Amino acid sequence: MNTPSTPVKKTPRPLPKANVYMDTSPFWEAAQQRRLVIQRCPKTGRFQFFPRPGSVFSGRRDTVWTEVSGNGTLYSWTVTRSAWPGHEDRTPYICAYVELPEGVRILCNLFNTDGVELSIGMPVKLYWEVLENGTLYPAFQPA
Amino acid sequence: MNKKRDVAIVAYGETKIEFRGGKSAYDLASEVFAQILEKTGLVPEDIDGLAVSETMSETHNPFYSVYMAEMLGITPRWNQVTGLGGCSAIANVARAASAIREGYCETVLVLAADAQSSMRGTAEQGAQRHEFQYPTGLKGPVGVFGLMTQRYRHLYDLKDEALAKLAVTQRNHALLNENACEKLRKPITEADYLTSKYVSDPLRMLDSVMVCDGANGVLVTSTKNAKRLNLKKAIYPTAYSEITSYKSFDFTAEIIDTGFSVVGPEALRKAGMGVKDVRMLQAYDDFLIALMLVMEQVGFCGPGEASEYILSHDFSFSGDLPLNTGGGQISAGQAGLAGGGTNFVEAVRQMFEEGGARQISNPVNAMVTGIGMIPYGRNWGVSNVLILEQ
């Protein structure tokens, strides 16, 4: 009955699941064109990230997806040595908070760096990582 | 709850903390319940209120607290389940006190039990994490505290020897605590801390908790009822303060500025105390850096001064500010989401003068803190402070 020789299946790297907790399709459609869009509250002019169903500033459900440059600064980073499930074959990899001039921070991976040159406040720019299923996922690299 | 002594904590119970012990949250909770009944001489029908903490192991059950009542054989007239992570235990003391004052019930079992290390993978936080966190591979709390530690090091002078001192002090306490996880009851030196491997640089293995199983709880009742039942021990929750999603609409708030800068001073003010009056600090410790932030933001020292403060004070049970005298979660093991009650029941134990080899002299009061939930791009979701007085 049991098949002891069945190999243990590796957990695959988690892929983004769009439109589960709200409609995030504008974000992913823009990402496929290598454009970063984030929500702007028209009443206050302020930006928010991650996406929410309504504006955290006004409570109104009228936020507007707005393209931004993706040029930011490094706010903090950590070298991940003990992986989140599905990322085991990537270690060590860098997770970071990047701050955008629009007044939000993005949790992301950093590419094209060995980690040694990093310093808080240094300029970074967008890097679009191609995931296994072809999805373009926003990451950053030294500018 | 403003400096009142009309509601009391009259008993506590705690299981041993075990790594993959194999017992369910219900089984562990039953052990705490039996201890409390034995210590007080009460029977299950004397208890008419139940407040439980959410778990990692049973959270898929939307009726967890109702099942718990059925499992233990109690008939609550007021039943509460609280999902504030490591804040739930002391939050439930405050909620129980309110329910007792309102007259919904008279005697509340405040219970936290979790079998996270044995029954894993049943809780899923979902929401934005599937799109904006999991694909990056951020290693949950370890990753977030790595980011916070990096930020702290950038802003201030973080002395590794201060973290090493906290690690060793707490480990020495765990050696004296029979309920601490056996895997962790081995002496460590400051050198062990300083050579401990990185898990999410600059966070080290010995900065971090190990997820285990365990349960703890207290009995809360009106002071009047405690006298009627002829209960011998009583301490009083005299001040409480809580905040969720601190600075929720400020996306560029400093990530090492936490809700404790609000709830720490507020709880002390409600208790009519200053930091110098705090006899012991039983502070939520998922990572050592959290203790530094709590010390600074509650007001034991100024911003960026925690390293110097730690190096110039003695946090052992016989020191000037006893800290996490059961070993804390870092050296006693994190009893899943029941871990928020570990340092809390240690405070109660000390104030009942049942601390044995690690008893604090003159345990007139305690500050107990909680930290709950890891949000996006911030520090933690919930901060709370409970002041207990004899």
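Worth saying up front: this structure is predicted, and the values here are computed from it rather than measured.

The rules behind the values
Residues numbered from 1 in each chain as written. Chains lettered and ligands numbered in written order. Predicted model: local features only at pLDDT ≥ 70, side-chain atom pairs only at ≥ 80, totals over all residues. Helix = DSSP H or I, 4+ residues; strand = E, 2+ residues; numbered from the N terminus. Expected span 1.5 Å × (residues − 1). Buried ≥ 20, exposed ≤ 12 C-beta atoms within 10 Å, placed from the backbone. Contact = placed C-beta atoms within 7 Å. Nonpolar A, V, L, I, M, F, W, Y, C, P; charged D, E, K, R; others polar. Pairing = 2+ DSSP bridges. Domains from an automatic or database assignment. Axes fitted to C-alpha atoms, helices over the stretch in contact; angles between N-to-C directions. Parallel < 35°, antiparallel > 145°, perpendicular 65-115°, else oblique. Left-handed = near helix turned anticlockwise from the far one by under 90°.

Enquirer: Help me understand helix α9 (residues 260-271) of chain B in this model?
Expert: In an α-helix there are 3.6 residues to a turn, and that puts residues three or four apart on one side. Between its first and last C-alpha, α9 of chain B extends 16 Å over 12 residues, near the 16 Å set by a 1.5 Å rise per residue. Directly after α9 of chain B, the chain includes G272 of chain B, whose backbone phi takes a positive value near 70°.

Enquirer: Would you take a moment to explain the environment of H87 of chain A for this structure?
Expert: Structurally, H87 of chain A is set in the loop between β4 (72-80) and β5 (93-100). Here H87 of chain A falls in the buried class, since 22 other C-beta atoms lie within 10 Å of it. On a C-alpha basis, the gap between H87 of chain A and P12 of chain A in space is 7.7 Å, while along the polypeptide they are 75 residues apart. Apart from residues lying up to four places away in sequence, H87 of chain A is in contact with R13 and Y93 of chain A together with G137 of chain B.

Enquirer: For this particular structure, what's the right way to read the interface of chain A and chain B?
Expert: A common way to state how big an interface is: give the accessible area lost once the parts meet. The partner chain B presents 32 residues to the 36 residues of chain A that form the contact. When residues of the side of chain A that touches chain B are traced back to their parent elements, those giving at least two are β4, β5 and β6 (104-109) of chain A. Each residue belonging to the side of chain A that touches chain B can be placed in one class, and the counts come to 22 nonpolar, nine polar and five charged. Relative to strand β5 (residues 198-201) of chain B, β4 of chain A runs antiparallel, the two sharing two bridges. The partner of V79 of chain A across the bridge, within β5 of chain B, is D201 of chain B.

Enquirer: I keep staring at the domain arrangement of chain A and nothing clicks. Help me out?
Expert: All names here are of chain A. Entries for chain A in the domain assignment read domain 1 (22-68) and domain 2 (69-143). For domain 1 and domain 2, the distance between their C-alpha centres works out to 20 Å. With 10 residues of domain 1 at the contact, the number on the domain 2 side is 11 residues. Where the side of domain 1 that touches domain 2 is concerned, the elements lending two or more residues are β1 (36-40) and β2 (47-48). In terms of residue class, the side of domain 1 that touches domain 2 is built from six nonpolar, two polar and two charged.

Enquirer: Where do I start with the packing of α9 of chain B against helix α10 (residues 288-298) of chain B in this structure?
Expert: Helix packing for two helices is described by the angle between their axes and how far apart those axes are. Residues and elements named next belong to chain B. One can describe the packing of α9 onto α10 by two numbers: an axis separation of 8 Å at closest approach and a directional angle of 55°. The angle between α9 and α10 falls in the class oblique. Two packed elements cross with a definite hand, and for α9 against α10 that hand is right-handed. For the pair α9 and α10, contact is made by F260, S261 and G264 and by L293, V294, Q297 and V298, respectively. Taken together, the residues that form the contact of α9 with α10 break down as four nonpolar, three polar and no charged.

Enquirer: What's the story with the sheet that holds strand β2 (residues 49-53) of chain B in this structure? I'm lost.
Expert: Residues and elements named next belong to chain B. The five strands lie next to each other as β1-β7-β4-β2-β3, forming an open sheet whose pairing is mixed. Strands at the two margins of the open sheet, each flanked by one partner only, are β1 (7-14) and β3 (78-82). Between one strand axis and the next, the sheet turns through 15° on average, direction left out of account. Where β1 lies against strand β7 (residues 214-222), seven bridges are found, and the strand directions are antiparallel. Paired with Y12 across the bridge in β7 is V218. This element, helix α3 (residues 88-102), spans β1, β2, β3, β4 (107-114) and β7 of the sheet and lies at about 160° to β4.

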